[in-house]
Amino acid sequence: MTVTRTRVALADDDVLLREGLASLLDRAGFEVIGQCGDASELIALVREQRPELAIVDIRMPPDHATEGLEAARVIREEAPETAILVLSAHVEVEHAMDLLGGGERIGYLLKSRVTDVEDFVETLERIVRGASVVDPALVQELVAARRVNDPLEGLSPREREVLALMAEGRSNAGISRQLWVTEGTVEKHVHSILQKLRLPETGDDHRRVLAVITYLDVR
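Residues numbered from 1 in each chain as written. Predicted model: local features only at pLDDT ≥ 70, side-chain atom pairs only at ≥ 80, totals over all residues. Heavy atoms only, no water.

(A) Focus on the overall build of the protein. Helix and strand counts for the protein come out as 10 helices and 6 strands. The buried share of the protein, reckoned over its 219 residues, is 51%. (Helix = DSSP H or I, 4+ residues; strand = E, 2+ residues; numbered from the N terminus. Buried < 20%, exposed > 50% of the residue type's maximum accessible area, 1.4 Å probe, protein only.)

Encoded structure:
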């Protein structure tokens, strides 16, 4: 039986990093359908090839500002079926929050994350399957931050811990393994979090994503 490999478009102006990442992805079973060094080339590549995943550096030529983020916005609008992972050399809270507002199948990771190959590949697979993933370094920064009017104030320490793992894109089963509790206990915590954050039950809204966005907005 032929196994279909996940097709990936890769954009980074650092040639050595890009080639290394392409080699890593190939060994992990992905198919790199194209590489490029700037955002406009990536957009053109996605328009032509419609890959399942696009990986893009947040800062690229010509200004090394937010070109990758702008490309991600265009891709999400024109090819919503393409999952997106934005890579960054630094923790940039505003960019991550803006990115997560795009909903499912999207992620923000630090480039240093790539050194943990197994975890990185697992993260890519989760994003392609529909997760929203935030780098734990960013999550930890946000855990330490506080506001006077903190919407998370009513959460217990354990609920905050569960919400932090939700922000990393973990499923209830994944959270239960991480915290060494039953999946049923996690489900109760998640239900309590959604209730305390006053996220209404509807058929259209992704309440977990809304909870994560609320969490990231507290900084």
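(B) Broad picture of the nonpolar core. Within the largest apolar cluster, 44 residues are counted, with the highest numbers of intra-cluster contacts made by Leu42, Leu163 and Met166. The residues contacting Leu42, other than those within four sequence positions of it, are Ala9, Ala11, Cys36, Val56, Ala71 and Ile75. (Core = buried A, V, L, I, M, F, W, Y, C linked by side-chain atoms within 4.5 Å. Contact = heavy atoms within 4.5 Å.)

(C) Structural detail: helix α9 (residues 183–196). Here α9 is 14 residues long and its end C-alpha atoms lie 20 Å apart, about the 20 Å a rise of 1.5 Å per residue gives. Turning to α9, its buried residues number three or more, namely Val186, His189, Val190, Ile193 and Leu194. Along α9, the residues classed as buried sweep out an arc of 135° about the axis, all on the same side. Just beyond α9, the residue with positive phi is Arg198, at close to 60°. (Expected span 1.5 Å × (residues − 1). Arc of directions from axis to C-beta.)

(D) Structural detail: the pattern of salt bridges. Taken as a whole and assessed by the stated rule, the structure comprises 11 salt bridges. Its salt-bridge partner being Glu122, residue Arg170 comes within 3.9 Å of it at the nearest N-O pair. Linking Arg170 in the loop between α7 (157–167) and α8 (172–179) with Glu122 in helix α5 (residues 117–129), this pair joins segments that are 48 residues apart in sequence. You can call Glu122 partly exposed: its relative accessible area is 34%. Its salt-bridge partner being Glu161, residue Arg158 comes within 3.1 Å of it at the nearest N-O pair. Separated by 3 residues within a single helix, Arg158 and Glu161 lie in helix α7, roughly one turn from each other. Its relative accessible area of 31% is what places Arg158 among the partly exposed residues. Overall, the relative accessible area of 38% leaves Glu161 in the partly exposed class. A network of salt bridges, in which partner residues are shared, links Glu122, Arg126, Glu168 and Arg170. (Salt bridge = Lys/Arg side-chain N within 4 Å of Asp/Glu carboxyl O.)

(E) Inspection of the environment of Ala211 at higher detail. Inspection of the secondary structure assignment puts Ala211 in helix α10 (residues 207–217). A C-alpha to C-alpha distance of 6.8 Å links Ala211 and Leu194, two positions 17 residues apart in sequence. Discounting residues that sit within four places of it in the chain, Ala211 has contacts with Leu163, Met166, Leu194, Leu197 and Leu199.

(F) Region of interest: unusual backbone geometry. Looking along the chain, the bond that leaves Pro61 and enters Pro62 is cis, with omega of 5°. Examined against the element boundaries, Pro62 turns out to sit in the loop between β3 (53–57) and α3 (67–78). Even without being a glycine, Arg50 presents a positive backbone phi close to 50°. Even without being glycine, Trp180 reaches a positive phi, approximately 60°. Tracing the backbone shows Trp180 in the loop between α8 and α9. Classification of Trp180 as exposed rests on a relative accessible area of 78%.

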